[in-house]
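Reading the structure
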Amino acid sequence: MTPVAAPKMIHAKAPGKINVFLKVGALLDDGFHDVAIAYQAVSLYEEVRAYEADDFSIEVAGSVELSRVPVDGSNIAIKAARLLARRTGYRGGVHLEIGKHVPVTGGMGGGSADAAATLLACDALWGTDLPRDEMLALATQLGADVPFALTGGTAIGTGRGDQLSPALAKGQFQWVLVIADFGLSTPAVYSELDKHRDRHSQDIFPAVSQPFVDANVLQALRAGDPHMLAETLYNDLQAAALHLEPSLASVLELGEENGALAGVISGSGPTVAFLAADLDNALELQIALSAARLNVVRATGPVHGARLVNL
Ligand code: ATP
C-alpha cells in the first residue's frame, strides 16, 4: 500500500509589539489621524501553521482569551492569505492553525502579527516567492501595524504608522506586561481622544497634523539605557484609555510602587507595559503584580519580525 503523503505544512511566527512612544496628530478630514510611533517588537509570539488545502479555513488555539477572535473570513489571517492569493494569481487555498499568545484587543498588535506570519507562511507554502517590497505593500493594505510585524526590531512609524524606518537600539529591554481580562476597541479609544481634545480645546495646545517622535526617545533607544527610556515613555491614547477604563490607573500605580522604572498603556490598551531596570527588577515586579492577582507576563525586546520556523 502506498503511504498517503502528509499535507505540506509551513510554520511561521511573528511578534507582538509595544508602542514605546505614540503621538496622535489632529483629526483629518477622512476621519483618521497621522501618528508618530516608536515600536518595539517583544518576545510574545503568534504562531501560524499553514497547510495545503483547496479552500480557505482557520482554527485558533492559544494561551490567551480567545472568545473575541473570529474564525471565519473576517479573521485578518484569512484576509492576508486571500490577498496574497489574489495578488499572485494562486488558485488554491490554505488551512491555517493559529497559536495565539499575544492578548486579543490588547493594544499589542496580535492580529497584525497573525497577518504578517500568514503572508510569509503562505508565500513559502505556495512557492509564490513574492519580493519583500511587494509583501510590505500587501501588509500595509491589511492594517497599519502589519508592516511592523513583518520587520520587527525597533522602528519608527509615521503616516498611519505604516511608513517605517528602522531605529537603532542597543541591548535588550526588560518588560513586564499586565494583561487585562477585557479588551479595548482601537476605534473607540481614538474617538474618545477626539472627544477629550474637543472638551479641552481651551486649555490644551491643538494637536499638530504631522506628529514626530521626540529625539530623546531615539537617543534612549540608541543608548540601550532603560532609565533614559523610562523618562520618555509616552502615549497620547493613554488618557482616553483611562477614561474608558479607570481601573487601569491603579494598575499603573501598583507597578510604579513596586519598582517599575515607568509604565505606559501600550497602543490603545488595555495592556499596561512596565519597563524594568534589569532582569532581577523585572522578576521582582512580576512576583509583586502576580501577588495582586493580575495576569502578568514578562517579555524582552527588541526581537526579530515574522520568520519561518525550521526551514
Ligand atoms: P492593535 O494594537 O494593532 O490596534 P490590538 O492588539 O488591540 O491591535 P488585535 O487583537 O490585533 O487588537 O485585534 C483585535 C480585533 O480584530 C478584534 O476585534 C478581533 O475580533 C479582530 N480580529 C480579526 N482577526 C483577528 C486575529 N487573527 N486575532 C485577533 N483578533 C482578530
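For the structure, see preceding data.
The following refers to the structure shown. (Residues numbered from 1 in each chain as written. Predicted model: local features only at pLDDT ≥ 70, side-chain atom pairs only at ≥ 80, totals over all residues. Heavy atoms only, no water.)

**Quick look at the site of the ligand**
Around the ligand sit 20 residues in total, of which R68, T105, G111, D114 and D145 are the nearest. N75 places a polar side-chain atom, nitrogen or oxygen, 2.9 Å from a nitrogen atom of the ligand. The fraction of the free accessible surface of the ligand (620 Å²) that becomes covered by protein chains is 78%. Among the residues making up the shell around the ligand, the classes are represented as five nonpolar, ten polar and five charged. (Near = heavy atom within 4 Å. Polar contact = N/O pair within 3.5 Å; in protein donor to acceptor, adjacent residues only side chain to side chain. Areas by Shrake-Rupley, 256 points an atom, 1.4 Å probe, with all protein chains shown as cover. Nonpolar A, V, L, I, M, F, W, Y, C, P; charged D, E, K, R; others polar.)

**Looking at the packing of aromatic side chains**
For the coordinates displayed, the defined rule picks out four aromatic pairs. Each ring, one from F21 and one from Y234, has its centre 5.7 Å from the other, and the planes form 40°; the classification is tilted. Taken together, the residues span a long stretch of sequence, with F21 in strand 1 (residues 9-27) and Y234 in strand 8 (residues 234-235) at a distance of 213 residues. The exposure class of Y234 is partly exposed, given its relative accessible area of 33%. Both rings, one in Y90 and one in W126, keep their centres 4.3 Å apart while their planes meet at 10°; by these two values the pair is stacked. In this pair, Y90 is assigned in the loop between helix 1 (76-88) and strand 4 (93-100) and W126 in helix 2 (residues 110-126), connecting sequence segments 36 residues apart. Members of the aromatic cluster, connected to one another through ring pairs, are F56, Y90 and W126. One cation-aromatic arrangement involves K13 over Y45; the distance from NZ or CZ to the ring centre is 4.0 Å. (Phe/Tyr/Trp six-rings, centres within 6.5 Å; stacked < 30°, edge-to-face > 60°. Helix = DSSP H or I, 4+ residues; strand = E, 2+ residues; numbered from the N terminus. Buried < 20%, exposed > 50% of the residue type's maximum accessible area, 1.4 Å probe, protein only. Lys NZ or Arg CZ within 6 Å of the ring centre and 35° of its normal.)

**A word on helix 3 (residues 132-142)**
Turn by turn, an α-helix covers 3.6 residues, leaving residues three or four places apart pointing in a common direction. Where helix 3 is concerned, the buried positions are M135, L138, A139 and L142. Buried residues in helix 3, looked at end-on, bunch into an arc of 105°, giving them a common side. Looking at helix 3, the residues exposed on the side facing more than 90 degrees away from the buried face are D133 and Q141. On its buried face, helix 3 sits against helix 1, helix 2 and helix 4 (146-151). (Arc of directions from axis to C-beta. Contact = heavy atoms within 4.5 Å.)

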